[in-house]
Amino acid sequence: AIPNTATLNFVITAYDPDARGQPLRLALYDNGVRVANTVLASSSTYRWTPRVAGRLGHYYYAEAYREGWTYPAYSSPVWVEQPPVAEAGPAQIVPPGATVTLDGRASWDPDGDALAYRWSQLAGLAVTLNGAAADRPTFTAPATLGDLEFRLTVVDTGSLTGQDQTRVTVTDKPILLISKTGPVTTAPGELVTYTLTVMNIGINPASGVVITDVLPVGAT
């Protein structure tokens, strides 16, 4: 597969060590329809460089034929596709020693192709990625504080690739998570109860924490 482009410049090479003085007929097909053709004088090596319009989702292949052959010879198809989109997930803040999961499940392919995953570390203290060829690899955060940078490369079935990066920050400061739950609907005049849950996943306590919430319009 090749990325989507308006113009395709083909270089078609053919070899025949037993040409016997016969010309070679070459043709280029777009979705089974011939869009270019030529006849080349007898030789052991042939080179043809047709230029045709590229169309997303179409496939192209070359045909070679010499008089007397029962069947032509064909190349493998070349598909014009869109490259996949890699999504390495949001940045994370974790404490030392935590089990960290990178998440590339939001990656996708515009053509619906299956994806292969490859994670690599770009910066920071080196860690061991468990499942570097999976969509959700894990590693243990080091004791050393700082930023770790990772790259996700996704590859579709046509070998087109997409890349994205994410950061994991290892810190000894408090790491606060907050969630809020409440009713989806309520009647006028009824009491509405919201529950705010705050959790510290860091290794050090948080002090002086203040939570401010905004009331829905019209509520008191």
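Residues numbered from 1 in each chain as written. Predicted model: local features only at pLDDT ≥ 70, side-chain atom pairs only at ≥ 80, totals over all residues. Heavy atoms only, no water.

S.K.: So what about the packing of aromatic side chains? Which residues, and what values?
M.R.: In total, this model carries seven aromatic pairs according to the counting rule given. Note on Tyr-59 and Tyr-61: the rings are 6.2 Å apart at their centroids and 15° apart in plane angle, and the pair reads as stacked. The ring of Tyr-194 carries Lys-180 above its face, with NZ or CZ at 4.2 Å from the centroid. (Phe/Tyr/Trp six-rings, centres within 6.5 Å; stacked < 30°, edge-to-face > 60°. Lys NZ or Arg CZ within 6 Å of the ring centre and 35° of its normal.)

S.K.: Which residues make up unusual backbone geometry, and what are the values?
M.R.: Notably, Arg-20 is not glycine yet its phi reads approximately 55°, a positive angle. If you trace the backbone, Arg-20 turns up in the loop between β3 (12–15) and β4 (24–30). The backbone of Asn-31 shows a phi angle near 55°, a positive value even though the residue is not glycine. Within the secondary structure, Asn-31 is located in the loop between β4 and β5 (33–40). For Asn-31, a relative accessible area of 34% corresponds to the partly exposed category. (Helix = DSSP H or I, 4+ residues; strand = E, 2+ residues; numbered from the N terminus. Buried < 20%, exposed > 50% of the residue type's maximum accessible area, 1.4 Å probe, protein only.)

S.K.: For the environment of Thr-128, give the residues involved together with the corresponding values.
M.R.: Here Thr-128 lies in the loop between β13 (116–123) and β14 (138–140). In this structure Thr-128 touches Thr-138 and Phe-139, once residues within four positions along its chain are discounted. (Contact = heavy atoms within 4.5 Å.)

S.K.: Account for the layout of surface pockets, with residues named and values stated.
M.R.: When its volume is computed, the largest pocket comes out at roughly 200 Å³. Lining the largest pocket, in full, are Glu-190, Leu-191, Val-192, Tyr-194, Leu-215, Pro-216, Val-217, Gly-218, Ala-219 and Thr-220. In terms of residue class, the lining of the largest pocket is made up of seven nonpolar, two polar and one charged. (1 Å grid on protein atoms, 1.4 Å probe; cavity = no way out; pocket = protein on both sides within 12 Å on 5 of 7 lines; lining within 4 Å. Points joined across faces, edges and corners; volume = space filled by probe spheres on them. Nonpolar A, V, L, I, M, F, W, Y, C, P; charged D, E, K, R; others polar.)

S.K.: Give a detailed account of the pairing of strand β16 (residues 161–170), specifying residues and quantitative values.
M.R.: Pairing of strand β11 (residues 92–94) with β16, which is carried by three bridges, proceeds in the parallel orientation. Within β16, the position partnered with Ile-93 by the bridge is Thr-169. Between strand β15 (residues 146–155) and the antiparallel strand that follows it, β16, lie five residues; Ser-159 among them carries a positive phi value of about 70°. (Pairing = 2+ DSSP bridges.)

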